[in-house]
Amino acid sequence: MKKLSDNIFADYGFENADDLNAKTKATIFIRSRMNEEKMSAAELARRSGLPAPNISEILNLRLDR
């Protein structure tokens, strides 16, 4: 069995592996903070100034943008 690195995207040959890994880690951090503060996605949108659909994309790991 092959040992995986800290970047699973690189392990599977994604061209933009570093970007995807960074975006995934950022999303995990955001979700963690939201859970700690019991914050909804709507509240995050309000606080961040980002539109709710953008927050939804981030939280659902739609990372193509």
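What you are looking at is a predicted structure, and each value in this text was computed from that prediction instead of being measured.

Reading guide: rules and limits
- Residues numbered from 1 in each chain as written.
- Predicted model: local features only at pLDDT ≥ 70, side-chain atom pairs only at ≥ 80, totals over all residues.
- Heavy atoms only, no water.
- Helix = DSSP H or I, 4+ residues; strand = E, 2+ residues; numbered from the N terminus.
- Buried < 20%, exposed > 50% of the residue type's maximum accessible area, 1.4 Å probe, protein only.
- Contact = heavy atoms within 4.5 Å.
- Core = buried A, V, L, I, M, F, W, Y, C linked by side-chain atoms within 4.5 Å.
- Salt bridge = Lys/Arg side-chain N within 4 Å of Asp/Glu carboxyl O.

Student: Could you give me a rundown of the environment of Leu63, with the residues and numbers involved?
Tutor: Its location among the elements puts Leu63 in the segment after α4 (52–59). Residue Leu63 is classed as buried on the basis of its relative accessible area of 15%. On a C-alpha basis, the gap between Leu63 and Ala10 in space is 16 Å, while along the polypeptide they are 53 residues apart. Those residues in contact with Leu63 that lie beyond four places of it in its chain are Leu20, Lys23, Thr24 and Thr27.

Student: Describe the nonpolar core, naming the residues involved and giving the relevant values.
Tutor: The biggest cluster of nonpolar side chains holds six residues, and these are Met34, Met39, Leu44, Ala45, Ile55 and Leu59. For this core, the secondary-structure elements that each account for two or more residues are α3 (41–48) and α4. Ignoring anything within four residues of it in the chain, the contact list for Ile55 reads Ala41, Leu44, Ala45, Ser48 and Leu50.

Student: Tell me about the pattern of salt bridges, and name the residues and values.
Tutor: According to the stated counting rule, one finds five salt bridges in the structure shown. Taking the shortest distance from any N to any O, the salt bridge between Arg33 and Glu36 comes out at 3.9 Å. Placement of the pair is Arg33 and Glu36 together in helix α2 (residues 17–36), with a separation of three residues, close to one helical turn. The exposure class assigned to Arg33 is partly exposed, which follows from its relative accessible area of 36%. Salt-bridge contacts for Arg47 lead to Glu43; the nearest nitrogen and oxygen are separated by 2.9 Å. With Arg47 and Glu43 both in helix α3, this residue pair falls four residues apart, about one helical turn. Residue class for Glu43 comes out partly exposed when judged on its relative accessible area of 23%.

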